Amino acid sequence: MKNIEKMYGEDSIMRLGDPTSLNAEKLLVEDLFRSYTFENKLDIVLSYQMPQGYEDAFGTFDITAKTLFLNLDVLASRPRYEAFFYLLHELRHSMQYLHPEVFDVSIQKSLPYVVLYSGECFKLVDGVWKHCRLEGSEDYFTRAYENLPYEADANRYAYETVKKLLPGDADKLEKLYSAWRPKRGFTEQEYHVLFEKIDESI
């Protein structure tokens with residue numbers, strides 16, 4: 001990451017959407033990906049082909065495929081600090097799944113569970129994602145998603161790392177990070193109940 005940090009600098013203002021710079025920006029993304037995975041000994045691949053159901057997402061990491069998916073179609077019109085934020089967010093997830101022992105217990109407990117705003121939920125069981133749909137309000141599931149310990153950790157890591165890589169974008173990056181910070185909490189007891197419901201429904 002130290003070598004990557006030297007490459008970017010404060011004046012990194014090209015957009016991925018600029019057709020003259022798209023290939024160059026992809027190379028920077030790929031350099032950052034290679035640097036992170038090498039330093040953290042992560043055996044994963046990078047794909048720009050989003051999986052079904054994630055066509056509008058910025059990115060996602062699938063531990064079952066050991067693949068980080070980054071949506072360049074969506075990020076093409078975004079500034080570099082956003083592309084780096086979402087890339088590093090997903091890279092942090094890969095680290096969480098592949099080296100859970102370095103994270104706290106709350107992250108380890110929540111990692112097998114995925115909760116979407118719609119009430120679609122998943123649990124990782126023996127290397128396979130099991131699916132269920134729970135009843136409840138979008139507000140409830142939004143709070144559950146935003147407060148998941150592994151999501152909060154990935155957002156914080158991405159913010160702190162991109163701030164070092166692109167200090168000239170610190171103010172805009174703060175606004176992006178703030179947009180992803182939960183506005184309301186979700187208690188440990190609420191997670192206990194939610195995870196039990198998922199366990200019973202898969």
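Scroll up for the structure.
As a starting point, this report considers the structure included with it.

Digging into the sheet that holds strand S5 (residues 120-125)
Read across the sheet, 3 strands follow the order S4-S5-S6 without closing on themselves; strand pairing throughout is antiparallel. Strand pairing shows two members of the sheet lacking a second neighbour, strand S4 (113-115) and strand S6 (128-133), which therefore form its edges. Mean inter-strand twist for the sheet, computed between neighbouring axes without regard to direction, equals 20°. As paired strands, S5 and S6 are joined by 6 bridges and run antiparallel to one another. Of the residues in S6, the one forming a bridge with Leu124 is Trp129.

Describing unusual backbone geometry
Glycine aside, residues mostly have negative phi angles, and peptide bonds mostly take the trans form. With phi around 55°, Lys41 is a residue other than glycine that occupies positive phi space. Note that Lys41 resides in the loop between helix H2 (22-39) and strand S1 (45-47). Residue classification places Lys41 among the exposed residues on the basis of a relative accessible area of 70%. The phi dihedral of Lys66 falls on the positive side, at around 50°, and the residue is not glycine. You can see Lys66 is positioned in the loop between strand S2 (59-62) and strand S3 (67-70). We classify Lys66 as partly exposed; its relative accessible area is 38%.

Examining the packing of helix H4 (residues 80-98) against helix H7 (residues 149-165)
Look at H4 against H7: their axes get within 8 Å of each other, and the N-to-C directions meet at 135°. In terms of orientation, H4 and H7 fall into the oblique class. Classified by chirality, the crossing of H7 by H4 is right-handed. For the pair H4 and H7, contact is made by Tyr81, Phe84, Phe85, Leu88, His89, Arg92, His93 and Gln96 and by Tyr150, Glu151, Asp153, Ala154, Asn155, Tyr157, Ala158, Tyr159, Thr161, Val162 and Leu165, respectively.

Looking at helix H8 (residues 170-180)
For H8, the complete set of buried residues consists of Leu173, Leu176 and Tyr177. The buried residues of H8 occupy one face: seen down the axis, they fall within an arc of 95°. Of the exposed residues in H8, those oriented more than 90 degrees away from the buried face are Asp171 and Lys175. Of the surrounding elements, those touching the buried residues of H8 are H4 and H7.

Digging into the packing of aromatic side chains
Pairs of aromatic rings are described using the distance from one ring centre to the other and the angle between the two planes. Counted under the stated rule, the structure contains 13 aromatic pairs. Taken together, the aromatic side chains of Tyr113, Tyr140, Phe141, Phe186, Tyr191 and Phe195 make up a single cluster linked through ring pairs.

Parameters at a glance
Residues numbered from 1 in each chain as written. Predicted model: local features only at pLDDT ≥ 70, side-chain atom pairs only at ≥ 80, totals over all residues. Heavy atoms only, no water. Pairing = 2+ DSSP bridges. Helix = DSSP H or I, 4+ residues; strand = E, 2+ residues; numbered from the N terminus. Axes fitted to C-alpha atoms, helices over the stretch in contact; angles between N-to-C directions. Buried < 20%, exposed > 50% of the residue type's maximum accessible area, 1.4 Å probe, protein only. Parallel < 35°, antiparallel > 145°, perpendicular 65-115°, else oblique. Left-handed = near helix turned anticlockwise from the far one by under 90°. Contact = heavy atoms within 4.5 Å. Arc of directions from axis to C-beta. Phe/Tyr/Trp six-rings, centres within 6.5 Å; stacked < 30°, edge-to-face > 60°.

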